[in-house]
Amino acid sequence: MRNVAYKPANHIVAHRGAFKKNGFPENSIASLKEAIRLGCAGSEFDVRMSADDSLVINHDPTHNKLEIEKTGYAELIQHLLSNGEKLPTLREYLVAGSENNKHTDLVLEIKPSGLGSERAQKIVDRVVDLVKELKPPYRIVYISFDYNMCLHLLKRMPKAHVQYLNGDKTPDQLKEAGIRGMDYNFSVFKKHPEWITRAKELGIVLNVWTVNDLTMMQGFLDQGFDLITTNEPEEGLKK
Ligand code: MG
């Protein structure tokens, strides 16, 4: 019997928003709004911090060849996204996420810092401070490859829903740490099918990335996965 308090609206998380089908830039506000319009269970995006401590949404460590962690916000936003949008701040993204949003979780990935553990902790602190200030009406799922960032976030917000990405912790280790989901690459679950069974026993949420092949997607759904993170949310929602 599953014991998962987390009840997503469906099984589909749009990876970097629903960007692909409509040619939106990844991680743009347009891609977030499209994931919400589609009714995805979640819309994922990546958070980084500029040299002057602005939280911005971007997957790569660079934006227009500028290293985000070593560049000031004013310089970063000189370069627009391909649809003419400004590089979004986390504040703008979280505000946009509440428009017409009935049941889409914001899946907030905090990217590791290349500048050391102290700065990594500061990024988490700034994310937490902003969420506490804005008190968004939807659910936020926090994800990270950096285990210490996950732990620090839980220290600041013990009730936060955190899922770990890096694929190197067992379900029991996650449970022990208060991490509520394992959001691993599909190859990890192929290597450790026993983790699927154990996660279900422990009530750990099962999320897999990035699954774009529809047959593979069905396979994970048949195994009882809670969430599939995909670049093909439109197709996934038909399942
Ligand atoms: Mg991501």
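A brief look at the structure comes next. (Residues numbered from 1 in each chain as written. Predicted model: local features only at pLDDT ≥ 70, side-chain atom pairs only at ≥ 80, totals over all residues. Heavy atoms only, no water.)

Some thoughts on the environment of His103
Now for step 1: When you line up the elements, His103 lands in the loop between α3 (90-96) and β6 (105-110).
Now for step 2: Setting aside residues no more than four positions away along its own chain, His103 makes contact with Ala9, Asn10, Gly39, Cys40 and Ala41.
Now for step 3: Separated by 3.2 Å, the side chain of His103 and the backbone oxygen of Gly39 make a polar contact. (Helix = DSSP H or I, 4+ residues; strand = E, 2+ residues; numbered from the N terminus. Contact = heavy atoms within 4.5 Å. Polar contact = N/O pair within 3.5 Å; in protein donor to acceptor, adjacent residues only side chain to side chain.)

Quick word on the coordination of the magnesium ion
Now for step 1: All of the protein donors around the magnesium ion are Glu44 (OE), Asp46 (OD) and Glu109 (OE); their distances to the metal are 2.0 to 2.1 Å.
Now for step 2: Of note, the donors binding the magnesium ion are all from one chain and are spaced E-x1-D-x62-E. On the criterion of sequence distance, the pair formed by Asp46 in strand β2 (residues 42-49) and Glu109 in strand β6 is long-range, its members being 63 residues apart. Just as Asp46 is buried, Glu109 falls in that class too. (Donors = N, O, S within 2.8 Å, 3.2 Å for Na, K, Ca; no water. Buried < 20%, exposed > 50% of the residue type's maximum accessible area, 1.4 Å probe, protein only.)

Observations concerning the pattern of salt bridges
Now for step 1: This structure, assessed with the given rule, holds 18 salt bridges.
Now for step 2: Close ionic contact of Lys20 with Glu232 constitutes a salt bridge, the shortest N to O distance being 2.5 Å. Pair noted here: Lys20 is in the loop between β1 (12-14) and α1 (29-38) and Glu232 is in the loop between β11 (227-230) and α10 (233-236), with a separation of 212 residues, a long-range link.
Now for step 3: Classification of Lys20 by relative accessible area gives partly exposed; the value is 44%.
Now for step 4: Among the salt bridges present, the one from Arg156 reaches Asp125, with a minimum N-O distance of 3.0 Å. Remark: Asp125 occurs in helix α4 (residues 117-134) and Arg156 occurs in helix α5 (residues 147-156); sequence separation between them is 31 residues.
Now for step 5: Shared partners join several salt bridges into a network, and the residues in it are Asp53, Glu69, Arg119 and Lys122. (Salt bridge = Lys/Arg side-chain N within 4 Å of Asp/Glu carboxyl O.)

Some details on the nonpolar core
Now for step 1: If you look at the biggest cluster of nonpolar residues, it comprises 58 residues, and the most contacted ones within it are Leu90, Leu94, Leu108 and Tyr142.
Now for step 2: In terms of residue count, the dominant contributor to this core is α4 (seven residues).
Now for step 3: Among all residues touching Leu94, those that are not within four sequence positions of it are Phe45, Leu106, Leu108, Leu130, Val131, Leu134, Tyr138 and Ile140.
Now for step 4: Grouped together as the second largest cluster of nonpolar side chains are nine residues, Val13, Val107, Val141 and Leu227 included. (Core = buried A, V, L, I, M, F, W, Y, C linked by side-chain atoms within 4.5 Å.)

Let's talk about the packing of aromatic side chains
Now for step 1: Applying the stated criterion across every chain yields a total of nine aromatic pairs.
Now for step 2: Summarising the aromatic geometry, the rings of Phe220 and Phe225 are spaced 4.9 Å apart at their centres and angled 70° between planes, so their arrangement reads as edge-to-face. Phe225 shares its class with Phe220; the two are buried.
Now for step 3: Taken together, the ring pairs connect Tyr147, Tyr164, Tyr184, Phe189, Trp195, Phe220 and Phe225 into an aromatic cluster.
Now for step 4: Here Lys169 stacks its cationic end above the ring of Tyr147, 4.3 Å away from the centre of that ring. (Phe/Tyr/Trp six-rings, centres within 6.5 Å; stacked < 30°, edge-to-face > 60°. Lys NZ or Arg CZ within 6 Å of the ring centre and 35° of its normal.)

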